[in-house]
Amino acid sequence: MRFYSGSVFDSQGRININGYNSLLAGRTIMIYVTDENFDLIHVESYDGKPGVPKCAIRKIDSKGRVVIPKALRRGAKYALVSN
């Protein structure tokens, strides 16, 4: 899996991924962390896999932003976005 360089959170807890693809608005993504690094949030396209918690499934808004709740962000400062 290839990841882009990432995105910094704004004051509202959003990341802007609009620059990666102009067709992202309305797409469903999933957010997760790995055991190796809890400070880094991974953002991937959601393909309907069963067993993914509802809080990890988010939608991209019309401006290419994703709101990531504080409970999921914890101490993270940025996120990696998959292609």
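Residues numbered from 1 in each chain as written. Predicted model: local features only at pLDDT ≥ 70, side-chain atom pairs only at ≥ 80, totals over all residues. Heavy atoms only, no water.

Caption draft 1: Spotlight on the overall build of the protein chain. Secondary structure assignment for the protein chain yields one helix and seven strands. Burial statistics for the protein chain: of 83 residues in total, 31% are counted as buried. A separation of at least 24 residues holds for 70% of the contacts in the protein chain among residues at least 6 apart in sequence. Accessible surface computed for the protein chain: about 5300 Å², of which carbon and sulfur atoms make up 52%. (Helix = DSSP H or I, 4+ residues; strand = E, 2+ residues; numbered from the N terminus. Buried < 20%, exposed > 50% of the residue type's maximum accessible area, 1.4 Å probe, protein only. Contact = heavy atoms within 4.5 Å. Areas by Shrake-Rupley, 256 points an atom, 1.4 Å probe, with all protein chains shown as cover.)

Caption draft 2: Broad picture of the pairing of strand β4 (residues 37-45). Pairing geometry for strand β3 (residues 28-34) and β4, over five bridges, is antiparallel. Within β4, the position partnered with Ile29 by the bridge is Ser45. Linking two consecutive strands that pair antiparallel, namely β3 and β4, is a turn of two residues. As judged from the four bridges shared by β4 and strand β7 (residues 78-81), these two strands associate in the parallel manner. Bridge pairing in β7 links His42 to Leu80. (Pairing = 2+ DSSP bridges.)

Caption draft 3: Representation of the pattern of salt bridges. By the definition in use, this model includes two salt bridges. Put simply, Asp10 and Arg14 hold a salt bridge, and the shortest N to O gap is 2.8 Å. In this structure Asp10 comes out as partly exposed when scored by relative accessible area, which is 31%. The residue Arg65 makes a salt bridge to Asp61 at a minimum N-O spacing of 3.0 Å. Its relative accessible area of 21% is what places Arg65 among the partly exposed residues. (Salt bridge = Lys/Arg side-chain N within 4 Å of Asp/Glu carboxyl O.)

Caption draft 4: Seen up close, the nonpolar core. Ranked by size, the top nonpolar core spans 14 residues in total, and within it Phe9, Ile15, Ile17, Ile41, Val43, Val66 and Ile68 carry the most contacts. The set of elements that each furnish at least two residues to this core consists of β3, β4 and β7. Leaving out residues up to four positions away in the same chain, Ile17 has contacts with Leu24, Ile60, Gly64, Val66 and Val81. (Core = buried A, V, L, I, M, F, W, Y, C linked by side-chain atoms within 4.5 Å.)

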